[in-house]
Amino acid sequence: MTTVLTPASHLTAADRCDRCGAQAYLRVVLLSGGELLFCAHHGRKFEPELKKIAAEIQDETERLTTVPNTDSEDER
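All values reported here derive from a predicted model rather than from experimental measurement. (Residues numbered from 1 in each chain as written. Predicted model: local features only at pLDDT ≥ 70, side-chain atom pairs only at ≥ 80, totals over all residues. Heavy atoms only, no water.)

Caption draft 1: How the structure looks around the overall build of the protein. A tally of regular secondary structure across the protein gives one helix and three strands. Counted from the first residue to the last, the protein has its helices and strands arranged as β-β-α-β. By residue count, 25% of the 76 residues in the protein fall in the buried class. For the protein, the proportion of contacts with a sequence separation of at least 24, taken over those separated by at least 6, is 37%. When the accessible area of the protein is evaluated, it comes to approximately 5,800 Å², of which 53% is carbon and sulfur surface. (Helix = DSSP H or I, 4+ residues; strand = E, 2+ residues; numbered from the N terminus. Buried < 20%, exposed > 50% of the residue type's maximum accessible area, 1.4 Å probe, protein only. Contact = heavy atoms within 4.5 Å. Areas by Shrake-Rupley, 256 points an atom, 1.4 Å probe, with all protein chains shown as cover.)

Dropping the structure here:
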């Protein structure tokens, strides 16, 4: 049997941390199946343990420090 993982979609404002309910920036796909979502704070807090049980970790915390492009030409 072959398991094919589909590419994970980007996390949105609707994705919430399973620990505190804040916006999620990390998706942890578990080796046992299923997934967990975490805000940046809880992702960092639980990272050592999550790495032990994760098949994949999708980390989008860089979005917290990225400045959106506000080029005025795009607004025309």
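Caption draft 2: Main features of the sheet that holds strand S3 (residues 54–59). Spatial ordering of the open sheet is given by S2-S1-S3, a layout of three strands whose pairing is antiparallel. Looking along the sheet, the strands with just one partner apiece sit at the ends: strand S2 (35–38) and S3. Within the sheet, the average angular offset between the axes of one strand and its neighbour, ignoring direction, is 15°. Bridge analysis of strand S1 (residues 26–30) against S3 gives five bridges, and the strand direction is antiparallel. From the neighbouring strand, leucine 26 faces S3, where its bridge partner is aspartate 59. (Pairing = 2+ DSSP bridges. Axes fitted to C-alpha atoms, helices over the stretch in contact; angles between N-to-C directions.)

Caption draft 3: Quick peek at the environment of histidine 42. Secondary-structure assignment places histidine 42 in helix H1 (residues 40–53). Judged by its relative accessible area of 10%, histidine 42 falls in the buried class. Note: C-alpha distance between histidine 42 and alanine 24 (18 residues apart in sequence) is 9.4 Å.

Caption draft 4: Up close: the pattern of salt bridges. The tally for this structure, following the rule as stated, stands at four salt bridges. For arginine 27, the salt bridge is made with glutamate 35, and the minimal N-O distance between the two is 3.2 Å. Ionic pairing is found between arginine 63 and glutamate 60, a salt bridge with its closest N-O pair at 2.5 Å. Exposure remark for glutamate 60: the relative accessible area of 4% places this residue in the buried category. (Salt bridge = Lys/Arg side-chain N within 4 Å of Asp/Glu carboxyl O.)

Caption draft 5: Representation of the environment of alanine 40 in the model. Tracing the chain through its elements places alanine 40 in helix H1. Apart from residues no more than four positions distant in its own chain, alanine 40 is found in contact with Tyr25, Leu26, Thr61 and Leu64.

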